[in-house]
Amino acid sequence: FHIYLFLPFLEILGNPLLAVKFFWGFLVSATGLFVYISARLMSRAVLPGFVALMLFFSQVEIFRYPGAAWAEVSFMLLITISIAIYLFVPRSTKCLRLLFALLGFLFYLAIRTKETGLPFAVLILGLGWYQGDQYNLKLLIKEFKWVLAGIAAGVILMITLDYLFLGDALFAFRLQNVKEY
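In this text the structure is predicted, and so the values were computed from the model without any measurement.

Cut-offs used in this document
- Here the residue numbers are simple positions, counted from 1 along each chain's written sequence.
- With pLDDT at 70 or above as the cut-off, local features in this predicted model cover only qualifying residues; side-chain atom pairs require 80 or more to be listed or tallied, and sums for whole chains, interfaces and linings still use all residues.
- For the side-chain quantities, the full set of heavy atoms in the structure was used; hydrogens and water were omitted.
- Orientation is described by lines fitted to C-alpha atoms, with helices fitted over the stretch in contact, and by angles between N-to-C directions that extend from 0 to 180 degrees.
- A run of DSSP states H or I qualifies as a helix once it reaches four residues; a run of E qualifies as a strand once it reaches two. Both are numbered from the N-terminal end.
- For classification purposes, an angle smaller than 35 degrees is called roughly parallel, one larger than 145 roughly antiparallel, one from 65 to 115 roughly perpendicular, and anything else oblique.
- The hand of a helix crossing depends on one turn: near helix anticlockwise from the far one by less than a right angle means left-handed, and clockwise means right-handed.
- Under the grouping applied here, Gly and all other residues not named as nonpolar or charged are polar, the nonpolar ones being Ala, Val, Leu, Ile, Met, Phe, Trp, Tyr, Cys and Pro and the charged ones Asp, Glu, Lys and Arg.
- Patches here are clusters of residues that have more than 30% relative accessible area and form no salt bridge, with a 9 Å joining cutoff for like charges and a 5 Å cutoff for nonpolar side chains (Val, Leu, Ile, Met, Phe, Trp, Tyr).
- Using the Shrake-Rupley algorithm and a 1.4 Å probe, accessible areas are obtained, with residue cover drawn only from the displayed protein chains.
- Just to be clear on terms, a salt bridge is a Lys or Arg side-chain nitrogen sitting within 4 Å of an Asp or Glu carboxyl oxygen.
- Each Phe, Tyr or Trp ring (for Trp, its six-membered ring) is paired with any other whose centre lies within 6.5 Å, and the angle between the two planes then decides the class: stacked below 30 degrees, edge-to-face above 60, tilted in between.
- Buried residues are those whose accessible area, probed at 1.4 Å on protein chains only, stays under 20% of the maximum for their type, while exposed residues exceed 50% and partly exposed ones sit between those limits.
- Remark: nonpolar core denotes a set of buried residues (Ala, Val, Leu, Ile, Met, Phe, Trp, Tyr, Cys) joined through side-chain atoms within 4.5 Å.
- It only takes one pair of heavy atoms within 4.5 Å for two residues to be counted as in contact.

Asker: So what's going on with the packing of helix α2 (residues 16–43) against helix α5 (residues 71–88)? Residues and values would help.
Answerer: Their axes nearest at 9 Å, the elements α2 and α5 cross at an angle of 20 degrees. Looking at the two axes, α2 sits roughly parallel to α5. Remark: the crossing between α2 and α5 carries left-handed chirality. Taken together, the residues of the contact of α2 with α5 sort by class into 19 nonpolar, four polar and no charged.

Asker: If you had to explain a nonpolar patch on the surface to someone new, which residues and values would you point to?
Answerer: Nonpolar side chains collect at one region of the surface, where Tyr163, Leu164, Phe165, Leu166 and Phe171 lie side by side and expose about 550 Å² of accessible area between them. Among the secondary structure elements, Leu164 is positioned in helix α8 (residues 137–166).

Asker: Which residues make up the packing of aromatic side chains, and what values go with them?
Answerer: Tallying each qualifying case throughout the model produces nine aromatic pairs. Ring centres of Phe9 and Phe23 lie 5.2 Å apart, and the angle between their planes is 55 degrees; on these two criteria the pair is classed as tilted. Of the two residues, Phe9 is situated in helix α1 (residues 2–13) and Phe23 in helix α2; the sequence distance between them amounts to 14 residues. Overall, Phe23 belongs to the buried group, its relative accessible area being 1%.

Asker: Outline the nonpolar core, supporting the account with residue identities and numerical values.
Answerer: One finds Phe120, Leu127 and Met158 to be the most contacted residues of the largest nonpolar core, which totals 40 residues. Elements with a contribution of two residues or more to this core: α1, α2, α3 (46–57), α5, α6 (96–113), α7 (121–125) and α8. When sequence neighbours within four positions are dropped, the list of residues in contact with Met158 reads Phe1, Tyr4, Tyr108, Leu109 and Arg112.

Asker: Help me get a handle on the pattern of salt bridges, residues and values and all.
Answerer: For the structure on display, the rule yields four salt bridges. A salt bridge links Asp162 to Arg112, with the nearest nitrogen and oxygen atoms 3.7 Å apart. Within this pair, whereas Asp162 is found in helix α8, its partner Arg112 is found in helix α6, the two being separated by 50 residues in sequence.

Asker: Could you give an account of the environment of Val147, naming the residues involved and the relevant values?
Answerer: Within the secondary structure, Val147 is located in helix α8. Between the alpha carbons of Val147 and Leu102 there is a distance of 7.3 Å; along the sequence they are 45 residues apart. Ignoring any residue separated from it by four or fewer positions in sequence, one finds Val147 in contact with Phe100, Ala101, Gly104, Ile124 and Leu127.

Note that every value here comes from positions in space, so none of it alone points to a role or purpose.
What follows is the structure, encoded as structure tokens:
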């Protein structure tokens, strides 16, 4: 997914070196935005949001190689968006199913970006706490179909992108391609 996310920058800017720098700037800025949103969702105050943002932007590793848009940076954005959505779930009453589906969608894209996305499943299992202080496994199982719908949407998106750009809709699902990667 990381490469497909980069393609619009390459298409718009035309120059690969310039495109990767803008892509990196987008990834880091968007991640910073979702760090701020997550902190605000946890505290509802402005100051913790700015403190979280300052802590994020003070991380040396992010800026050690500015302009190097590795898959880890895209993965960081996907996880940060997912955390913000997870924190928003208890406050939402009208669009819970959409948020569950979005978490499933982001879960699949995170795994496709970086295989270390599997621990992301902890957030999905944590949805059992979205109503009240008691873990409700029955409610999670009942609503899990929406997470699966999001995962299915992610699979369909990746199949479509693989077909459009590689000419092979099942490229990512061929064992031979996985072994070569």
